[in-house]
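One-letter residues, chain by chain:
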Amino acid sequence: MDARVSDLFGSGNGHGSGSPGVASNVKPGNGHGVAPKKAGAKNKKSKARFSRTFKPSNNTPYLPPEAEEGNIEYKLKLVNPTQYRFEHLATQMKWRLQEGRGEAVYQIGVEDNGMLVGLSEEDMRASLKTLHRLAEKVGADITVLREREVDYDSDEPRKIAEVLIRKVPDDQQFLDLRVAVLGNVDSGKSTLLGVLTQGELDNGRGRARLNLFRHLHEIQTGRTSSISFEILGFNSKGEVVNYSESRTAEEICESASKMITFIDLAGHHKYLKTTIFGLTSYCPDFAMLVVSANTGIAGTTREHLGLAMALKVPIFIVISKVDLCTRATVERTVRQLERVLKQPGCNKVPMVVSSTDDAVTAAQQFAQSPNITPIFTLSSVSGESLDLLKVFFNIIPPLSNSKEQEELMQQLTEFQVDEIYTVPEVGTVVGGTLYSGICREGDHLVVGPTDSGQFHKLTIGSIQRNRSACRVLRAGQAATLALGNFDRSLLRKGMVMVSPEMDPTICWMFEAEIVLLFHAKTFHKGFQVTVHIGNVRQTATVAAVYGKEELRTGEKAVVLFKFIKHPEYLKVGAKVLFREGVTKGIGHVTKLQPIAQYQPSQSEDEEV
């Protein structure tokens with residue numbers, strides 16, 4: 001992590017100069033309706049997984065050659081295949097859907113080597129008809145994302161088509177992506193979510209956000225102070241499924257093939273610890289930074305951008321309230337954001353989205369390269385450009401492929417406890433994320449660590465995902481688990497529920513390699529900070545700074561931390577974020593000093 005990210009956290013003047021060699025305002029489109037390779041798009045892993053970008057060329061345009069892995073398939077044409085060929089194509093489609101966890105993209109009119117040949121109108125119609133039959137056979141639906149004419153030396157026009165194939169969900173295994181919503185107080189985060197999830201525009205006085213608030217003081221002040229979750233679904237045809245037509249979350253889950261779960265985080269500085277907890281604990285796939293067009297980069301905006309970058313969460317930006325400003329004001333805010341994004345500490349490539357074609361390209365580019373940062377300008381009152389954001393959410397692919405998901409599911413069960421409730425007639429309920437393994441109703445797990453580093457036995461009752469019942473929970477999914485009459489006082493945020501076979505490493509002390517992002521004075525032994533590691537949030541004392549007496553802003557070191565209240569379950573390699581007043585730093589756990597290995601507690605027999 002570049003130490004210069006500290007510019008985003010510190011109290012600097014805010015405007016960095018654009019970094020040399022980064023193109024300003026990258027506009028998609030090169031004459032073929034598709035985007036050129038972006039500066040800084042270095043991510044090699046992406047070559048097989050997601051839709052490619054078209055490379056600009058003076059001669060025949062082309063794509064990178066087709067890859068065996070990933071959810072992208074090139075097909076020159078699919079006109080009247082034989083029965084044997086049809087079966088082969090159906091098997092191939094199942095494979096691509098599996099690779100994309102229920103989603104695949106077919107490029108029609110493209111050869112396997114990536115050359116954009118194009119098809120006549122008649123051949124394209126026949127190919128799409130065959131694709132529709134194939135999708136029906138494997139239980140999926142198709143949506144044509146875009147069709148483009150290829151600039152080719154022939155008398156009749158030739159087209160290529162990009163088609164999204166999405167599987168109709170079975171066994172409740174819809175694709176679920178988590179988006180953390182960041183931004184300064186009063187930037188319009190909750191209002192935007194209200195408009196997206198309720199399907200009704202705002203009245204300009206915040207009516208859309210009222211459904212999202214959980215506490216009376218939030219309704220009175222209009223400020224979010226807690227973490228709330230909202231859902232937006234898309235069916236297999238790519239149509240929006242929200243509360244405008246569905247009365248309950250269960251109905252949305254039943255008809256959606258893809259679900260976007262928004263984690264609405266607090267914007268006010270005094271709720272910063274809640275915002276950091278949401279970012280570290282809920283493992284969001286993406287972060288949406290909301291910036292008000294009339295105030296620009298103000299308050300905690302810069303800090304939230306820095307947090308997302310420090311935790312390596314891919315980020316895109318929504319400029320809201322464009323109905324309140326002149327075009328010139330909106331453009332000034334866009335330019336201000338572009339300057340910050342191009343700073344050496346950020347090294348992002350801003351990409352302003354102004355058409356549906358841009359939104360499709362942005363979704364694919366964004367998933368491929370961590371450097372691309374799409375920027376949307378919209379209004380929650382007039383609804384301007386709201387559809388572009390929905391197109392983006394519909395197409396954006398998951399970051400992990402099916403293979404990574406399978407590997408996580410084969411590990412022992414580990415569930416992070418983020419929320420604890422008592423529900424009448426149900427008993428104790430915990431909310432959180434299943435980090436690894438599979439969890440079913442009736443499973444026997446152990447939860448801990450307690451203040452003495454012990455674990456208690458418990459049995460999983462019912463499971464709910466997005467407020468609807470679920471039989472099986474898989475790695476990476478968030479859910480609430482009912483624990484029956486288990487004593488709530490034994491639980492706290494930051495605990496884990498794991499398989500009894502696991503040998504959890506519990507520690508009071510751990511070493512971490514850190515970078516001090518911002519500090520007013522010097523950072524030394526005996527200093528106390530609040531440490532965030534995943535769902536763990538606790539005060540810790542700096543027990544030792546190795547090799548140095550003290551640290552100053554921008555310096556790196558290996559530091560030994562000691563928890564103050566109780567031991568925690570940690571893993572080597574986990575990201576560490578710590579803060580105290582204006583002091584902020586990031587790093588990762590390098591070594592644990594475990595206490596005595598896992599011992600069953602005395603009172604286990606009473607709780608079973």
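Quantities reported herein were computed from a predicted structural model and do not represent experimental measurements.

Draft legend 1. Expanded view of the overall build of the chain. Looking only at helices and strands, the chain features 13 helices and 31 strands. The buried share among the 608 residues of the chain stands at 57%. When contacts within the chain are restricted to residue pairs at least 6 apart in sequence, long-range pairs at least 24 apart make up 71% of them. Of the roughly 25500 Å² of accessible surface on the chain, 48% is carried by carbon and sulfur atoms.

Draft legend 2. The arrangement of the side chain of Thr-377 in detail. With respect to the helices and strands, the residue Thr-377 is situated in strand S12 (residues 372-377). Contact partners of Thr-377, with chain neighbours within four places excluded, come to Ile-319, Val-322, Arg-327, Val-330, Val-334, Glu-384 and Ser-385.

Draft legend 3. Here's a closer look at the pattern of salt bridges. For the coordinates displayed, the defined rule picks out 17 salt bridges. The partner of Glu-73 in a salt bridge is Arg-96, and the shortest N-O contact between them spans 2.7 Å. A residue pair is termed long-range when its members are at least 10 positions apart, and Glu-73 in strand S1 (residues 72-75) and Arg-96 in helix H2 (residues 83-99) qualify at 23 residues. An identical accessibility class is assigned to Glu-73 and Arg-96; each is buried. Residue Arg-146 pairs with Asp-357 through a salt bridge whose shortest N-O separation is 3.2 Å. On the criterion of sequence distance, the pair formed by Arg-146 in strand S3 (residues 140-150) and Asp-357 in helix H10 (residues 356-368) is long-range, its members being 211 residues apart. For the pair formed by Arg-146 and Asp-357, the shared burial category is buried. If you follow the salt bridges from partner to partner, you end up with Arg-146, Arg-148, Glu-162 and Asp-357 in one network.

Draft legend 4. Structural context of the confidence of the model for the chain. In the predicted model, the chain carries a mean pLDDT of 80, and the fraction of residues at 70 or more is 81%. Element-level pLDDT for the chain is lowest in helix H13 (residues 604-607), with a mean of 40, against a maximum mean of 95 in S12. Taken as a whole, residues 1-59 scores under 50 in pLDDT and shows 156 contacts with residues more than four places along the chain or in a different chain. Scored below 50 in pLDDT, residues 597-608 makes 25 contacts in the model with residues more than four places away or belonging to other chains.

Draft legend 5. How the structure looks around the packing of aromatic side chains. Summed over the entire model, instances satisfying the criterion amount to 14 aromatic pairs. Aromatic rings pair up to connect Phe-262, Phe-286, Phe-316, Phe-366, Phe-376, Phe-392 and Phe-393 into one cluster.

Draft legend 6. Looking closely at the environment of Ile-595. With respect to the element layout, Ile-595 can be found in the loop between strand S31 (583-594) and H13. Sequence-distant contacts of Ile-595, defined by excluding residues within four places in its chain, comprise Gly-453, Ile-506, Cys-507, Trp-508 and Pro-567.

Draft legend 7. Region of interest: the sheet that holds strand S9 (residues 286-292). The eight strands lie next to each other as S7-S6-S8-S5-S9-S10-S12-S11, forming an open sheet whose pairing is mixed. The open sheet has two free edges, formed respectively by strand S7 (240-241) and strand S11 (349-352), since each of these has just one partner strand. Most of the contacts of helix H9 (residues 327-341) go to S12, to which it runs at about 165 degrees, and overall it touches S9, strand S10 (315-320), S11 and S12. Running at roughly 115 degrees to strand S8 (residues 258-264), helix H11 (residues 386-395) makes contact with strand S5 (175-183), strand S6 (228-234), S7, S8, S9, S10 and S12 of the sheet.

Draft legend 8. Quick look at the environment of Gly-494. Among the secondary structure elements, Gly-494 is positioned in the loop between strand S21 (478-482) and strand S22 (496-498). With a relative accessible area of 1%, Gly-494 lands in the buried category. When the C-alpha atoms of Gly-494 and Gly-432 are compared, they prove to be 9.8 Å apart, with 62 residues separating the residues in sequence. Ignoring sequence-local partners within four residues, the contact set of Gly-494 consists of Val-417, Asn-535, Val-536 and Glu-568.

Draft legend 9. Looking closely at unusual backbone geometry. Cis geometry marks the peptide bond from Gly-448 to Pro-449, where omega comes out at -5 degrees. Within the fold, Pro-449 resides in the loop between strand S16 (444-448) and strand S17 (456-459). If you check the backbone angles, Ser-385 has positive phi at about 65 degrees while not being a glycine. Position of Ser-385 among the secondary structure elements: in the loop between S12 and H11. One non-glycine residue with positive phi stands out, namely Glu-425, at about 65 degrees.

Draft legend 10. A look at the sheet that holds strand S2 (residues 103-108). One open sheet holds the four strands; their spatial order is S1-S2-S4-S3, and the pairing between them is mixed. The outermost strands of the open sheet, each flanked by one partner alone, are S1 and S3. Each neighbouring strand pair of the sheet contributes to a mean axis angle of 20 degrees, computed without reference to strand direction. The pairing of S3 with strand S4 (residues 158-167) spans 10 bridges and is classified as antiparallel. Within S4, the position partnered with Asp-141 by the bridge is Arg-166. With respect to the sheet, H2 is in contact with S1, S2, S3 and S4, its orientation differing from that of S2 by roughly 130 degrees.

Draft legend 11. Quick peek at H10. Taking 1.5 Å as the rise per residue, H10 with 13 residues should run 18 Å; its terminal C-alpha atoms sit 19 Å apart, in good agreement. Among the 13 residues of H10, 12 are classified as buried, and the element is accordingly described as predominantly covered. Along H10, the residues classified as buried are Asp-357, Asp-358, Ala-359, Val-360, Thr-361, Ala-362, Ala-363, Gln-364, Gln-365, Phe-366, Ala-367 and Gln-368.

Draft legend 12. Spotlight on the nonpolar core. Counting 44 residues, the largest nonpolar core has Phe-262, Met-288, Phe-316, Leu-389 and Phe-393 as the members making the most contacts within it. The dominant element in this core, judged by the number of residues it contributes, is H11, at six residues. Two domains each put at least three residues into this core: domain 1 (72-167) and domain 2 (175-399). Once you skip the residues sitting within four places of it in the chain, Phe-316 turns out to touch Val-179, Phe-286, Ala-287, Met-288, Leu-289, Phe-366, Thr-373, Pro-374, Phe-376, Leu-389, Phe-392 and Phe-393. By size, the runner-up hydrophobic cluster in this structure holds 38 residues, among which are Leu-265, Ile-276, Leu-289 and Leu-311.

Cut-offs used in this document
- Residue numbers run consecutively from 1 along every chain, following the written order of its sequence.
- Confidence filtering applies because this is a predicted model: local features only for residues at pLDDT of at least 70, side-chain atom pairs given and counted only at 80 or more, and all residues used for totals across whole chains, interfaces and linings.
- Processing note: side-chain calculations cover all non-hydrogen atoms of the structure and skip hydrogens and water entirely.
- Runs of H or I in DSSP of at least four residues are treated as helices and runs of E of at least two as strands, each being numbered from the N terminus.
- When a residue's accessible area, from a 1.4 Å probe over protein chains only, is under 20% of the maximum for its type it is buried; when over 50% it is exposed; and in between it is partly exposed.
- Contacts between residues were defined by any pair of non-hydrogen atoms, one from each residue, lying within 4.5 Å.
- Method for areas: the Shrake-Rupley scheme with a 1.4 Å probe, in which residue coverage is limited to the protein chains shown.
- Definition used for salt bridges: Asp or Glu carboxyl oxygen within 4 Å of a side-chain nitrogen of Lys or Arg.
- A residue's pLDDT is the confidence the predictor assigns to it, expressed on a 0 to 100 scale.
- Only the six-membered ring of Trp is used, alongside the rings of Phe and Tyr, when aromatic pairs are assigned; centres must lie within 6.5 Å, and planes under 30 degrees apart are stacked while those over 60 apart are edge-to-face, with the rest tilted.
- If DSSP finds at least two bridges between two strands, the strands pair.
- As a rule, the C-alpha atoms of each element are fitted with a line to give its axis, helices using only the stretch in contact, and angles between N-to-C directions run from 0 to 180 degrees.
- Here the expected length of a helix is defined as 1.5 Å per residue gap, with one fewer gap than residues.
- To define a nonpolar core, start from buried Ala, Val, Leu, Ile, Met, Phe, Trp, Tyr and Cys residues and group those joined through side-chain atoms within 4.5 Å.
- Boundaries between domains were set according to an automatic or database domain assignment.

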